Amino acid sequence: MDTGVMSTKDSSWWVFTIPYLFGSKNLLDGYVIFSLFMAFVSLSILTWAFTVGGVAWKNGRNKRGRARIPGPRGLPILGSLFTLSRGLAHRALAQMAWSSGSSQLMAFSLGSTPVVVSSDPHTAREILTSPHFADRPIKQSAKSLMFSRAIGFAPNGTYWRLLRRIASSYLFSPRRILAHEDGRQLDCAVMLRNIASEQELKGSVILRNHLQSASLNNIMGSVFGKRYDVAAKNDPELIALKEMVKEGFELLGAFNWSDYLPWLSYLYDPYRIVERCEKLVPRVRKLVRGIIEEHRRNGSEKNMLDCGDFVDVLLSLDSEEKLKEDDMVAVLWEMIFRGTDTTALLTEWVMAELILNPEVQSKLRAEIDSLVGKNDVTDADVAKLHYLQAVVKETLRLHPPGPLLSWARLSTSDVQLSNGMLIPANTTAMVNMWAITHDSQVWPDPLVFNPDRFVNNDVDIRGSDTRLAPFGAGRRVCPGKNLGMVTVTLWVAKLVQKFNWVQLENDPVDLSEVLKLSCEMKKPLRVTAIPRIY
Ligand code: HEM
């Protein structure tokens, strides 16, 4: 609108001044006027587009504080959409921030959306812990898949607080995590057995399949009280569930241009996001409602707050906390979603690093052997295995599963930072955790896998130290962080205790990344798992 008004007003003096200057009435003919007008419009669009930070930062939005927020200009209309729409956005953004000295905060545009990204621990903390950043921008796919009614995307308010309270009391509390140890042990035992048979049968193991099945079953167990026989390849319910989880991941992980250029949704939807979401939602509803019905029929909601599954818990809540059925479906579905890939892919990264660093693997095995011997490793043992904790922390540093902390934040009002920059209301804010954990000013030799850096240096990774906060921080911090850590550390300990892991000569470990919903190994880890003989 503004541009239109400006162009009419400004172009009028051209039209009358130029003929006057040149003294020729011919210049007023239609063609010349049109050319001048087009030149002016192009010039104004270019000037308008090439503001610092790009199209969404026009009118000095980035200059409202004492210090200006620097940033790339991007392309007219699109801004920096190409940087984020393909490849490894965390690496591209880190490079841009480092090379332009904008690590503290960098402004850029995704179409009409103004975005800031921090690659610095101090600014990251200010953003993540600010109450004015407790909302999230919601993608079309997340909305269509009901996630706006689940914890991750619910707007900051009474409903979101209720969900967090229910989840932290009944799913993620230390007592409940402990109560589900048997499930973790069981799923791991099945995984170890299946790994041994695949090794015997094929001479190598594709670890990802086993990890994904174990974590899906594990989260299904604690959320739905249901486990599948993962070796039975023909179970229709398991096949359908895996398909739905995969489809949901693809839809949520896909870069949807219409999220940033809403008018584009009428013209261009290469992933058919709307159509695919419409097909997926009824299938999810049917499956989850079926399981809820089963629980109702079995009357299991009575006294389950301590040892039941999460469906039992939700059914047993009283009127004040009771959720509507559709909200229950959204919350339960979200847990399956979040709990499955994160634990599996983090364990895969840990194992890849252990295979590439055999001396670390041996040191870890020696620690486990000296504390546990041939006994089964338990959660209680894991807490005492300090080198194991250091190995997992170092993996989270080098390969944070959410390098951009998975889901961005949204400012609900203007936020003044201590460095003098002001982030205006309605700005999407990201933290580039990958850039922080790969910054040599923050971590010496950042590219080297060296768990020893954590041995005598107890860095808290649960959000209080933003030099390494792979679970985020502040009120939107990951509520599943303890469950995730307990599961990953237990499984890594048992994998290392039971097998020697060696890379294949003809298929070396490849640490290339692919960024989907999370950042995973591009090439699934295929290795030799040699059973240990005591
Ligand atoms: C290795 C494991 C995991 C990693 C690295 C991880 C990472 C993250 C990150 C970075 C966030 C965003 C935090 C922020 O904005 O500050 C998040 C949010 C969340 N995570 Fe996790 N996560 C993991 C495991 C889990 C598990 C096992 C669950 C549940 C079963 C879970 C459930 C959630 C939920 C519900 C949110 C949204 C919280 C909110 O918006 O209030 N996560 N996670």
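Residues numbered from 1 in each chain as written. Predicted model: local features only at pLDDT ≥ 70, side-chain atom pairs only at ≥ 80, totals over all residues. Heavy atoms only, no water.

**Student:** Where do I start with the sheet that holds strand E3 (residues 205-206) in this structure?
**Tutor:** Pairing between sheet strands relies on hydrogen bonds along the backbone, with the strands arranged either parallel or antiparallel. With antiparallel pairing, the three strands of this open sheet are ordered in space as E3-E11-E8. The strands lining the two open edges of the sheet, one partner per strand, are E3 and strand E8 (499-503). Relative to strand E11 (residues 526-531), E3 runs antiparallel, the two sharing two bridges. When the sheet's bridge partners are listed, isoleucine 206 is paired in E11 with arginine 526. Across the sheet, helix H14 (residues 325-356) touches E8 and E11, and the angle it forms with E8 is around 75 degrees. Against the sheet, helix H19 (residues 481-498) contacts E8 and E11, and its axis sits at roughly 85 degrees relative to E8. (Pairing = 2+ DSSP bridges. Helix = DSSP H or I, 4+ residues; strand = E, 2+ residues; numbered from the N terminus. Contact = heavy atoms within 4.5 Å. Axes fitted to C-alpha atoms, helices over the stretch in contact; angles between N-to-C directions.)

**Student:** Looking at this structure, how should I read the pattern of salt bridges?
**Tutor:** Note on pairing: side chains with opposite charge can pair once their charged atoms come close. Counted by the stated rule, this structure contains 30 salt bridges. For aspartate 326, the salt bridge goes to arginine 289, with nearest N and O atoms at 3.1 Å. In this pair, aspartate 326 is assigned in helix H14 and arginine 289 in helix H12 (residues 273-297), connecting sequence segments 37 residues apart. Accessibility expressed as a relative area gives 29% for aspartate 326, which makes it partly exposed. Arginine 289 gets classed as partly exposed once you look at its relative accessible area, which sits at 35%. With a closest N to O distance of 3.1 Å, glutamate 394 and arginine 453 form a salt bridge. (Salt bridge = Lys/Arg side-chain N within 4 Å of Asp/Glu carboxyl O. Buried < 20%, exposed > 50% of the residue type's maximum accessible area, 1.4 Å probe, protein only.)

**Student:** Just to check I follow, could you spell out the pairing of E11 for this structure?
**Tutor:** Within a regular beta strand, the side chains point alternately toward one face of the sheet and then the other, so they alternate between its two faces. In the sheet, E8 pairs with E11 via five bridges, with the strands oriented antiparallel. Its bridge partner being in E11, valine 502 is matched across the sheet by threonine 528.

**Student:** How should the site of the ligand be read in this particular structure?
**Tutor:** Taken together, 25 residues surround the ligand, and among them Arg136, Arg164, Arg409, Arg476 and Cys478 come closest. Arginine 136 places a polar side-chain atom, nitrogen or oxygen, 2.9 Å from an oxygen atom of the ligand. One of the side-chain N or O atoms of arginine 476 is found 3.0 Å from an oxygen atom in the ligand. When contributions to the shell around the ligand are tallied by element, the ones reaching two or more residues are helix H7 (158-170) and H14. (Near = heavy atom within 4 Å. Polar contact = N/O pair within 3.5 Å; in protein donor to acceptor, adjacent residues only side chain to side chain.)

**Student:** Looking at this model, I keep getting lost on the coordination of the iron atom of the ligand. Mind explaining?
**Tutor:** Each pair of donors in an ideal four-coordinate tetrahedral metal site encloses 109.5 degrees, whereas pairs in an ideal six-coordinate octahedral site enclose 90 or 180 degrees. Protein coordination of the iron atom of the ligand rests on one atom only, Cys478 (SG), at 2.3 Å. Tracing the backbone through its elements, the reader meets cysteine 478 in the loop between helix H18 (433-437) and H19. (Donors = N, O, S within 2.8 Å, 3.2 Å for Na, K, Ca; no water.)

**Student:** I keep staring at the sheet that holds strand E2 (residues 113-118) and nothing clicks. Help me out?
**Tutor:** The four strands lie next to each other as E1-E2-E7-E4, forming an open sheet whose pairing is mixed. Two strands in the sheet have a free side with no partner beyond their single neighbour: strand E1 (106-110) and strand E4 (409-410). Sheet topology places E1 next to E2; five bridges connect them, and they run antiparallel. Opposite phenylalanine 108, over in E2, you have valine 115 as the bridge partner.

**Student:** Would you explain the nonpolar core in this entry?
**Tutor:** Within soluble globular proteins, side chains that are nonpolar tend to cluster in buried spots. Judged by nonpolar contacts, the single largest core of 62 residues is most densely connected at Ile195, Met351, Leu354, Val492, Trp501 and Leu525. For this core, the element with the most residues is H14, which contributes nine residues. What methionine 351 contacts, discounting residues up to four positions off in sequence, is Leu207, Val492, Leu495, Val496, Trp501 and Leu525. In terms of nonpolar packing, the next biggest core, distinct from the first, is built from 60 residues, Phe172, Met220, Leu315 and Met335 among them. (Core = buried A, V, L, I, M, F, W, Y, C linked by side-chain atoms within 4.5 Å.)

**Student:** Help me understand helix H5 (residues 121-129), please; the structure alone is not making it clear to me.
**Tutor:** Because the α-helix completes a turn every 3.6 residues, residues three or four places apart line up on one side. For H5, the full list of buried residues reads Pro121, Thr123, Ala124, Ile127 and Leu128. Seen end-on, H5 carries its buried residues on one side only, within an arc spanning 160 degrees. Tucked inside the fold, the buried residues of H5 contact E2, E4, strand E6 (422-423), strand E7 (428-431) and H18. The distance from a side-chain oxygen at the start of H5 to the backbone nitrogen of histidine 122 is 3.2 Å, and the residue carrying that oxygen is aspartate 120. (Arc of directions from axis to C-beta.)

**Student:** Got a minute to help me understand unusual backbone geometry in this structure?
**Tutor:** Residues other than glycine predominantly adopt negative phi, and peptide bonds predominantly adopt the trans conformation. In the Ramachandran plot, asparagine 59 falls in the positive-phi region, its phi being about 60 degrees despite a non-glycine side chain. Relative to the helices and strands, asparagine 59 resides in the loop between helix H2 (30-49) and helix H3 (81-85). Residue classification places asparagine 59 among the exposed positions, given a relative accessible area of 63%. One non-glycine residue, asparagine 426, adopts positive backbone phi at about 70 degrees. One can find asparagine 426 in the loop between E6 and E7. Asparagine 426 sits in the exposed class, given a relative accessible area of 53%.

**Student:** Looking at this model, I keep getting lost on a nonpolar patch on the surface. Mind explaining?
**Tutor:** On the surface, a nonpolar cluster with roughly 670 Å² of combined accessible area is contributed by Ile77, Trp263, Tyr266, Leu267 and Tyr268. Among the structural elements, tyrosine 268 can be located in the loop between helix H11 (236-253) and H12. Residue classification places tyrosine 268 among the partly exposed residues on the basis of a relative accessible area of 42%. (Patch = residues over 30% accessible without salt bridge, like charges linked within 9 Å, V, L, I, M, F, W, Y side chains within 5 Å. Areas by Shrake-Rupley, 256 points an atom, 1.4 Å probe, with all protein chains shown as cover.)

In short, the description is geometric, and any link to function would need to be established separately.
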